[in-house]
Amino acid sequence: MNVNFGRMMRNMARHFGGREAIVNVERGRRYSFAEYHRLTNRIANVIHQSLGLRCGDRFMLMLENDNLSLLHFPTYLKQGATAVMCNLRDSLEEHSRQSRLVQPRAAFIEAELVETHAAMLNALGCAVIVLDPLDKEAKARFPFVLQFWDLVEAASDCESNYEIDQFSDVVLMRFTGGTTGSGKCASYTLDNWFGGRDSCLMNVDLRFDAGTRFLHAAPLSHGTQLFFYPTFFTGGTTITTNGLALDSMIDLIQSESITHSFLVPTVLYRLLDAQRQKPRDLGSLRTLIYGAAPISADRLGELVAEFGSIFVQAYAATEAVVVVSLLEREAHLAETPEQVKRLSSAGRITPGIEAYVADEAGNELPVGERGEIRIRGRGVISGYDANPEASATEFVDGAWKSGDLGYIDQDGYLYIVDRLKDMIISGGFNVYASEVEAALASHPAVFMSAVVGLPHDDWGEAVHAEVQLRPGASATEIELIAHAKQLLGSYKAPKSIGFAAALPVSPVGKVLRREVRDRLRRSIPDLIRNT
């Protein structure tokens, strides 16, 4: 089925007119729906007419949130080339690998990347467009770099009248987080994202409407972009900032009357601590969505006590851009043991989404039995670009094998126990890293932790934790091990603990256990061999 998104957006511009569609905080830009429609027409015409990109061509986006919002779906759906979103904070080496893989004909980059990236991209035959103006000296040194706003001002704001196939055209590609290796390049159709939009609207507890003012502080190329769609299509306002400076974010909640945001648990913990130290009026908040990493039930209870019943948890993934399940605000209670247990779940499966737990052969398992979570539905991609082996391995009968180990209880709550690859086998027992991390997080001194298995002569693997303490807090290795033993028993508790000033995290706040494990195995292979 063909879709003319330009026509669709024109109708939205008429419907919502002068309502604010986009606010770019750092760059001081504000666009109404009508203005945003005309601007994205111009940018789409730059891609199609000025740069000459056509269906099958690709252009890369290495941009901060403010600038990425100008080249996001309201732009790339108005022309035929495929957008490729990258993590701005990846290394030059990783960006070079990604560029060689997708072979872009153009790349839109931040001015800060010109010095390191422009020559590499130019050598690949790629047009380089910088979003913010370069100074005179930089222009002279990089004469081949094009100025974005010069191109936009010269372009027409007429609609391109381009039509895309909702189900087959690849409109976007982006790289997986790479928490277990080099990121793969996921390919998306328009229907994948419309499926994600519809899953957000179907979960009415997310409360999207024309009054929504959604703050995107996490990278708009990652998980938070799922919520751009329901905000936009209900006439709400998308507000972008380019970092997670907590004081600035709190100021923005007040000054912009923020109603919604998507934050990872570690940021929620910081928000809680900051609000306790310096209380401010954050009464505009009505929905804080969290996900991407496990949350401490104890800290969650503190968050609800401080901010009220505004928290919901959403389970989604790069390969499944849909709210697979939602833990609604009414489930955020901790008055009974059953309620406390449900706080550790990912909620109930969204109606219309096919999620189930399977054994290694793909057979669906009964209620309560643990296996791999598989997901099938509109938001699930069909595979990875230029990686048929991974596509064939991870996608079976239209379902994505998530790599998440979990189970579904008798009331339909989905529990994610751990990543299959992060399960530790110690002395013949299965130990789940996320379970140990949750136990450590319940200690008042612990901010976050990464639990990994390290080689051990007798046990095969021994449980080790790297711990980042909260600012100003103190705890000893013996104290934290005893705390974990009390909650989990001896065989699950860490046999050793190291302390880190900061733990490596992905752009969406996931602790990168792989990096912690690899570093430890390289530097201290005998750390606990004889413990």
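Just so it is clear, the model here is predicted, and its values are computed rather than measured. Throughout this description, residue numbers start from 1 for each chain and increase along the sequence as written. The predicted origin of the model limits local features to residues at a pLDDT of at least 70 and limits the giving and counting of side-chain atom pairs to 80 or more, whereas totals for whole chains, interfaces and linings rest on all residues. Calculation of side-chain values draws on the structure's entire complement of heavy atoms; hydrogens and water are dropped beforehand.

Observations concerning the packing of aromatic side chains
Counted only if it meets this: Centres within 6.5 Å are what make two rings of Phe, Tyr or Trp a pair, Trp counting through its six-membered ring; a difference in plane orientation under 30 degrees is then read as stacked, over 60 as edge-to-face, and the rest as tilted. To sort residues, take the accessible area from a 1.4 Å probe on protein chains only and compare it with the maximum for the residue type: under 20% means buried, over 50% means exposed, and anything in between is partly exposed.
One pass over the full model with this rule turns up 25 aromatic pairs. Ring centres of Phe208 and Phe214 lie 6.2 Å apart, and the angle between their planes is 5°; this geometry places the pair in the stacked category. For the pair Phe208 and Phe214, one class covers both residues: buried. Between Tyr269 and Phe447 the ring centres are 6.3 Å apart and the planes differ by 80°, which places this aromatic pair in the edge-to-face class.

Some words on the layout of surface pockets
Put simply, the test is: Using a grid of 1 Å spacing that covers the protein atoms alone, one calls a set of points a cavity when a 1.4 Å probe fits there but cannot get out, and a pocket when the set is open and has protein on both sides within 12 Å along at least five of seven lines; lining residues are those with an atom within 4 Å of a point. Grid points are joined across faces, edges and corners, and a volume is the space filled by probe spheres set on the points. By the criteria applied, helices consist of DSSP H or I runs no shorter than four residues and strands consist of E runs no shorter than two, each listed in order from the N terminus. In this count, Pro and Cys sit with the nonpolar residues alongside Ala, Val, Leu, Ile, Met, Phe, Trp and Tyr, while Asp, Glu, Lys and Arg are called charged and the others, Gly among them, polar.
Here the second largest pocket is characterised by a volume of approximately 530 Å³. If you trace the second largest pocket, you find 31 residues lining it, with Arg89, Pro219, Leu244, Ser506 and Pro507 closest to the centre. Looking at which element gives the most residues to the lining of the second largest pocket, the answer is helix 12 (residues 265-277), with 3 residues. Within the lining of the second largest pocket, the residues separate by chemical class into 17 nonpolar, 10 polar and 4 charged.

Topic: empty space enclosed by the protein
If you walk through the whole model with that rule in mind, you get 2 cavities of 30 Å³ or more. Lining the second largest cavity are Leu215, Met249, Ile253, Ile258, Ser261, Leu263, Leu271, Leu285 and Leu288. Of all the secondary-structure elements, those providing two or more residues to the lining of the second largest cavity are helix 11 (246-255) and strand 14 (260-263). When grouped by side-chain class, the residues that make up the lining of the second largest cavity number 8 nonpolar, 1 polar and no charged.

A closer look at unusual backbone geometry
Phi at Gln103 takes a positive value of approximately 50°, unusual for a residue other than glycine. One can find Gln103 in the loop between helix 5 (92-102) and strand 6 (106-109). In this structure, Ala386 takes a positive phi of about 55° despite not being glycine. Under the relative-accessibility criterion, Ala386 is labelled exposed at 56%.

Here we look at the state of the cysteines
When the sulfur atoms of two cysteines share a covalent bond, that bond is a disulfide. Operational definition: Here, a disulfide means two cysteine sulfur atoms that sit within 2.5 Å of each other.
In this structure the tally under the stated criterion is 0 disulfides. Of all cysteine sulfurs, the one in Cys86 lies closest to Cys185, which takes part in no disulfide; the gap is 8.2 Å.

Here's the deal with the sheet that holds strand 26 (residues 446-456)
Defined as follows: For two strands to count as paired, DSSP must find a minimum of two bridges between them. Comment: axis = line fitted to C-alpha atoms, over the contacting stretch for helices; angle = value between 0 and 180 degrees taken between N-to-C directions.
Strand order in the open sheet formed by 3 strands is 26-27-28, with mixed pairing between adjacent strands. Every other strand in the sheet has two partners, leaving strand 26 and strand 28 (496-499) as the edge strands with one partner each. Averaged over all pairs of adjacent strands, the angle between strand axes in this sheet comes to 25°, irrespective of strand direction. Pairing of strand 27 (residues 460-469) with strand 28, which is carried by 4 bridges, proceeds in the parallel orientation.

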